[in-house]
Amino acid sequence: MSLNQLTSNEAIALEEKYGAHNYHPLPVVLSKGEGVYVWDVEGKRYYDFLSAYSAVNQGHCHPRLVKAMTDQASTLALTSRAFYNDKLGVYEKKITELFGFDKVLPMNSGAEAVETALKLTRKWAYEVKKVSENDAIIIVCENNFHGRTTTIISFSNDPEARKNYGPYTDGFIRIPYNDLNALKDVITNKNIAGFLVEPIQGEAGVYVPDEGYLAEAYKLCKQNNVLFIADEVQTGIARTGRLLAVDHENVKPDVLVLGKALSGGMYPVSAVLANDEIMNVIKPGQHGSTFGGNPLAAAVATEALDIVLDEKLAENADKLGQLFRTKMDEYIKGSNICTLVRGKGLLNAILINDSEESETAWNICLRLRDNGLLAKPTHGNIIRFAPPLVMNEEQLLDCVHIITETLKEFEG
């Protein structure tokens, strides 16, 4: 076996033997990507309909991102924050002006950014809102997915994420998603510091809340001096047809969490944005990261944001998303295997008419793979669809054809 010319079976066998089994990948081994396409080691081409969980919004190996990364990598990659560098300030100016905040705190992964937002919110509660120390509470939603750190899984209700990882971190109240009455019932507690919410619950199966939910939740936060924290790691950077998903309801979060497509999938880059009244509670030495804000990350993220704007990816996602849902709705009218399509922009999901324990959705994804399109189930009977935002209408319609023809194989 040559390590430079592995077959799919050989590559899978290596991962199975030497890698931790904390993922259950679809059996396809990818070796190349360009735009909306990926190729396996045998040379077969596929449409990528997952985009690395929405990290590759700008498409695989976008030439501008490749150039930005290689140019910077050959110049200066890491200084740590012990010193200034010539890229970070440029990036900080770009991202804060784009999203309308005073300050940004750069991190690496989405989970790190969420953890940062939680720490920031608690510190604000003690130093600005004057909550008694160690009494701050953050409201979260059922079926949330904000990452897999110990603190984050402490407020998850997913048994796969939680079981046998305790003891858990206190300081959270979990309420039903998309339920304003549940929020009203708890938000008046004087110890409530923040409300952490996904504008669309992606990992839970692309659950889109009722129109007006986010705007009303934001008003409740303002009335009770509670920070509205939007986790836009998956929904942000044009995925839902707006630059941010909260933009659909004209909500301006107090704390904004970004990641994934902030680097176009080229490098781990995440960020927490807030205004001075909130961000200035963190002083030197109180929070940080060796790699957060490094020159390579800053150069790549700056270019990634410019590509989204220059290529009008939010507008494209909005248009193609409406077309996708229209076409899938037409198919569903005569289907007994697929009962629902939901989403915004190019973050969508279909519901398979089967139990979560069934393998039908998994088997459909295997057949989609055979037919040239890659997607993955979530929660057993939901298939999430999130192609790169550089997709065009002809490609989207080709993908709809692949999806509907594949579903027909499972009808009856």
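Use the structure listed above.
Rules used in this analysis
Residues numbered from 1 in each chain as written. Predicted model: local features only at pLDDT ≥ 70, side-chain atom pairs only at ≥ 80, totals over all residues. Heavy atoms only, no water. Phe/Tyr/Trp six-rings, centres within 6.5 Å; stacked < 30°, edge-to-face > 60°. Helix = DSSP H or I, 4+ residues; strand = E, 2+ residues; numbered from the N terminus. Buried < 20%, exposed > 50% of the residue type's maximum accessible area, 1.4 Å probe, protein only. Pairing = 2+ DSSP bridges. Salt bridge = Lys/Arg side-chain N within 4 Å of Asp/Glu carboxyl O. Axes fitted to C-alpha atoms, helices over the stretch in contact; angles between N-to-C directions. Contact = heavy atoms within 4.5 Å. Parallel < 35°, antiparallel > 145°, perpendicular 65-115°, else oblique. Nonpolar A, V, L, I, M, F, W, Y, C, P; charged D, E, K, R; others polar.

A. Structural view of the packing of aromatic side chains. Applying the stated criterion across every chain yields a total of nine aromatic pairs. Ring geometry for Phe49 and Phe324: centres 6.3 Å apart, planes at 45°, overall tilted. Within this pair, whereas Phe49 is found in the loop between strand S3 (45–48) and helix H2 (51–54), its partner Phe324 is found in helix H12 (residues 313–332), the two being separated by 275 residues in sequence. Ring geometry for Phe155 versus Phe172: centroids 4.5 Å apart, planes at 45°, classification tilted. Taken together, the positions of Phe155 in the loop between helix H6 (150–154) and helix H7 (159–162) and Phe172 in strand S6 (residues 172–175) put the pair 17 residues apart, joining distant regions of the chain. You can call Phe172 buried: its relative accessible area is 18%.

B. Representation of the sheet that holds strand S2 (residues 37–40). The four strands lie next to each other as S1-S2-S3-S13, forming an open sheet whose pairing is mixed. At either end of the open sheet lies a strand with only one pairing partner, and these are strand S1 (30–34) and strand S13 (373–374). Pairing of S1 with S2, which is carried by four bridges, proceeds in the antiparallel orientation. Of the residues in S2, the one forming a bridge with Glu34 is Tyr37.

C. Summary view of the pattern of salt bridges. The tally for this structure, following the rule as stated, stands at 15 salt bridges. Among the salt bridges present, the one from Lys93 reaches Glu97, with a minimum N-O distance of 3.2 Å. On the criterion of helical spacing, the pair formed by Lys93 and Glu97 is a turn pair, its members being four residues apart in helix H4 (residues 88–99). Taken as a pair, Lys93 and Glu97 share a single burial class, namely exposed.

D. Structural context of unusual backbone geometry. For the bond running from Gly166 to Pro167, omega is 5°, close enough to zero to count as cis. Mapped onto the elements of the fold, Pro167 is located in the loop between H7 and S6. Despite not being glycine, Ser80 has its phi angle at roughly 70°, a positive value. In this structure, Asn164 takes a positive phi of about 70° despite not being glycine. Locating Asn164 in the fold gives a position in the loop between H7 and S6.

E. Spatial organisation of the sheet that holds strand S5 (residues 137–141). With mixed pairing, the seven strands of this open sheet are ordered in space as S4-S10-S9-S8-S7-S5-S6. The open sheet has two edge strands, strand S4 (103–107) and S6, and neither has a second partner. On average, adjacent strands in this sheet sit at an angle of 20° to one another, irrespective of strand direction. As paired strands, strand S7 (residues 192–197) and strand S8 (residues 227–231) are joined by four bridges and run parallel to one another. Across the sheet, the residue bridging to Leu196 is Ile229, located in S8. The sheet contacts of helix H5 (residues 110–129) involve S4, S5, S6, S7, S8, strand S9 (255–258) and strand S10 (270–274), and relative to S10 the element is tilted by about 25°.

F. Expanded view of the packing of helix H8 (residues 180–187) against helix H9 (residues 213–223). The N-to-C vectors of H8 and H9 enclose an angle of 10°; their axes lie 10 Å apart at closest approach. The pairing of H8 with H9 is recorded here as roughly parallel in orientation. Along its contact with H8, which presents Leu180, Leu183, Lys184 and Ile187, the element H9 presents Tyr213, Glu216, Ala217, Leu220 and Cys221. Considering only residue class, the contact of H8 with H9 consists of seven nonpolar, no polar and two charged.

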